[in-house]
Amino acid sequence: MQSWQYHCSRCETTAPLTTHAWCCPTCGAVWGLTHPTPASVPVVSSPDEVTVWRYASVLPVSADNAISLGEGQTPLVAGELAGHPVWFKLDFLQPTGSFKDRGASVVVSHAKQLGVETLIVDSSGNAAAAFAAYCAAAGMTCHIFAPASTSPAKLAQSRAYGAMITLVDGPREAAATAAQLAAQAPGTLYASHNWHPLFTEGTKTWLLETWEQLGRRMPAICFLPVGGGSLLAGAWRAAEDIGVTPPCLVAAQPAACAPLVQALKANAQEVTPVSPGPTIAEGARIGHPPRGQQLLAFLRASHGWAEAVTEASLRNVLRMLWRQGLFVEPTAALGAAAFCQVVARGIPLPDGPIVIVLTGSGLKAPDIVQRLLTEEE
C-alpha cells in the first residue's frame, strides 16, 4: 500500500515498508507509521470477516496476503469487579492463548509478502509462541532467541510449532542483541514485538472490536497490562483510525518493574530504564520499553496514567478472576488489579463503559498457578 511508510518521530527519517530495518537507521529510535487519514477509508472493510482482517482497510498489509489462524473477535463480557460493572475483553481466547496473535498475524503476513524465509524473534513467552505458530502456518522458519535462564516448559509451545530455539547467556537484553545480529543474514527479518510497528497495527484491532461490540462507541476508560506497550500504542492507533477521541488509558505495570509510573511521577518526557525486580507478572518485566516516549505521550493525551500494581493486589485479583471463570495468567490480571487499586483509593472514574483487557491464558503459567493455589491451602 503506497500510502503507508515507516516514519521516525524523533528525526523525521522515512522509509518504505519494503525495508528490513527494524528501527530508524539514522537515530536508532523505534519506527512509527504514516497511514491514511481516518476519513479516507471505512474502518470495517469486510463485515463478514471474523478475524483481525475484518479491518484490512486500516492495516498496512493486503488481506490477499493474510496469514490467519482465526485470531481476533474475542468476546466482550459483562462482569463486576470491586463493586462496579465492567466489561472484560477476553483476549486470552486466541489461537495460541494471548493477544499477541493479533500482531503476529500482521507481521508474519508482511514478512511472507516480502519473501522473508526466516523470522528472528527475541522472546521466551507469548510473543515467541505467537510468532512460532504463524510462521508454521506460513511455511516460514521461526528462530527464537531466549535467555538461558528460561524454563524449558515456557518454550514448549514454541518448540511444538517447530521453532528453532537459541538460548543466550546473560540478561534479557543479551537475547535481543543476539537476535538483532542474527537478523543481518540474508532472507531474515527481525520481528521484535517491542520494536516492529506493524505488530502494533495488529494489536490495535482489540479496540476496534471493542468499539463495535459497544455499539460503535468508545469505552470511557480502559485498564490494560503494559510491558513493551503494543496493546497501549494499539489503542491509540485504533482511535486515530476511527477518528474519535481515545478512551482514558491506564497502563498497569507490576510495582517491581514500572518504568512508566516512574517517568510520569518525574514529569519526564523519556523513560529512564529500571532494573526489573521479582514479580509473578513475568510478561511485563520490561525495564526499558523501546516505545517509552510514545507511551508517555499517549497516556498524557488520553488523560490517563500508569498504575503500579503490588504483588499482593495482583495475587488477590487473580484469584477473584479465576473464581469468575476467567482463567488468566498473572500478567493478564494486571489491568484488573490496577482497577481495584484505583477504586480502593477513591479515584473518580469517568462516566461510561469500563473495559479491562485480559491478555493471556492461565494455561501459559501452570507452575505459578499451582504455587498460588498451594498458598491457599
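Residues numbered from 1 in each chain as written. Predicted model: local features only at pLDDT ≥ 70, side-chain atom pairs only at ≥ 80, totals over all residues. Heavy atoms only, no water.

A. Fine view of the packing of helix α7 (residues 230–242) against helix α9 (residues 292–301). Running from N to C, α7 and α9 cross one another at 55°; their axes reach a closest spacing of 10 Å. The orientation of α7 with respect to α9, classified from their angle, is oblique. With respect to the hand of their crossing, α7 and α9 are arranged in left-handed fashion. Contacts from L232, A233 and W236 of α7 reach α9 at L295, F298, L299 and A301. Partitioning the contact of α7 with α9 into residue classes produces seven nonpolar, no polar and no charged. (Axes fitted to C-alpha atoms, helices over the stretch in contact; angles between N-to-C directions. Helix = DSSP H or I, 4+ residues; strand = E, 2+ residues; numbered from the N terminus. Parallel < 35°, antiparallel > 145°, perpendicular 65-115°, else oblique. Left-handed = near helix turned anticlockwise from the far one by under 90°. Contact = heavy atoms within 4.5 Å. Nonpolar A, V, L, I, M, F, W, Y, C, P; charged D, E, K, R; others polar.)

B. Just the environment of G139, in detail. Mapped onto the fold, G139 is located in the loop between α2 (126–138) and β7 (141–147). In this structure G139 comes out as exposed when scored by relative accessible area, which is 66%. (Buried < 20%, exposed > 50% of the residue type's maximum accessible area, 1.4 Å probe, protein only.)

C. Main features of helix α10 (residues 311–323). Between the first and last C-alpha of α10 there are 19 Å, a value that for 13 residues agrees with the 18 Å anticipated at 1.5 Å per step. All of the buried residues in α10 are S313, L314, R315, V317, L318, R319, L321 and W322. Among the structural elements, β5 (84–90), β12 (305–309), α11 (334–344), β13 (354–358) and α12 (366–376) are those in contact with the buried residues of α10. Looking at the residues trailing α10, positive phi occurs at G325, about 90°. (Expected span 1.5 Å × (residues − 1).)

D. Quick look at the pairing of strand β11 (residues 248–254). Here β11 lies mainly inside the structure; seven of its seven residues are buried. Side chains C248, V250, A252 and P254 of β11 all project onto a buried face; the interleaved residues L249, A251 and Q253 project onto the opposite face, where all are buried too. Looking at chain direction, strand β10 (residues 221–225) and β11 are connected through five bridges and run parallel. In the sheet register, P225 faces β11, and the bridge partner there is A252. In this fold, the crossover linking β10 to β11 by way of α7 has right-handed handedness. Pairing between β11 and β12: five bridges, direction parallel. Opposite V250, over in β12, you have W305 as the bridge partner. (Pairing = 2+ DSSP bridges. Right-handed = clockwise from strand over helix to strand, strands pointing away.)

E. Looking closely at the pattern of salt bridges. Considering all chains together, one arrives at 16 salt bridges under this definition. Residue R10 pairs with E270 through a salt bridge whose shortest N-O separation is 3.8 Å. Placement of R10 in the loop between β1 (5–7) and β2 (14–15) and of E270 in the loop between α8 (259–265) and α9 is noted, with a sequence separation of 260 residues between them. What makes E270 partly exposed here is its relative accessible area of 39%. Between E209 and R102 there is a salt bridge, with its nearest N and O atoms 2.8 Å apart. Taken together, the positions of E209 in helix α6 (residues 205–213) and R102 in helix α1 (residues 100–114) put the pair 107 residues apart, joining distant regions of the chain. Residue E209 shares its accessibility class with R102, and that shared class is buried. (Salt bridge = Lys/Arg side-chain N within 4 Å of Asp/Glu carboxyl O.)

F. Region of the structure containing the nonpolar core. The biggest cluster of nonpolar side chains holds 42 residues, and the ones touching the most others in it are V108, L119, F131, M140, C142, I144 and L198. Residue assignment for this core shows that the elements contributing at least two residues are α1, β6 (118–122), α2, β7 and α5 (197–203). Here this core gets eight residues from one element, more than from any other, and that element is α2. Among residues more than four places away in sequence, those in contact with L198 are Y6, L17, L33, P60, V61, V106, V107 and H110. (Core = buried A, V, L, I, M, F, W, Y, C linked by side-chain atoms within 4.5 Å.)

G. Focus on the side chain of T150. Within the fold, T150 resides in the loop between β7 and α3 (152–160). Since its relative accessible area comes to 12%, T150 is described here as buried. Here P147 takes part through its backbone oxygen, which lies 2.8 Å from a polar atom of the side chain of T150. Residues within four places of T150 in sequence aside, it is in contact with S124 and L155. (Polar contact = N/O pair within 3.5 Å; in protein donor to acceptor, adjacent residues only side chain to side chain.)

H. Spotlight on the packing of α1 against α2. The N-to-C vectors of α1 and α2 enclose an angle of 40°; their axes lie 9 Å apart at closest approach. If you check the angle between α1 and α2, you find them oblique. The element α1 and its partner α2 pack so that their crossing is right-handed. Here K100, D101, A104, S105, V107, V108 and K112 of α1 come into contact with α2, specifically with N126, A127, A130, F131, Y134, C135 and A138. Its residues placed into classes, the contact of α1 with α2 shows nine nonpolar, two polar and three charged.

I. Looking closely at the sheet that holds β11. In space, the six strands of this open sheet follow the order β4-β5-β13-β10-β11-β12, with mixed pairing throughout. Looking at the sheet topology across the chains shown, the edges are occupied by β4 (76–81) and β12. Averaged over all pairs of adjacent strands, the angle between strand axes in this sheet comes to 30°, irrespective of strand direction. Where β5 and β13 come together, four bridges link them in parallel fashion.

J. Focus on the side chain of R237. Note on placement: R237 falls in helix α7. The class of R237 is buried, set by a relative accessible area of 9%. At 3.1 Å, the side chain of R237 forms a polar contact with the side chain of E240. With sequence-adjacent residues up to four places away left out, R237 is seen in contact with W4, H35, T200, E201 and K204.

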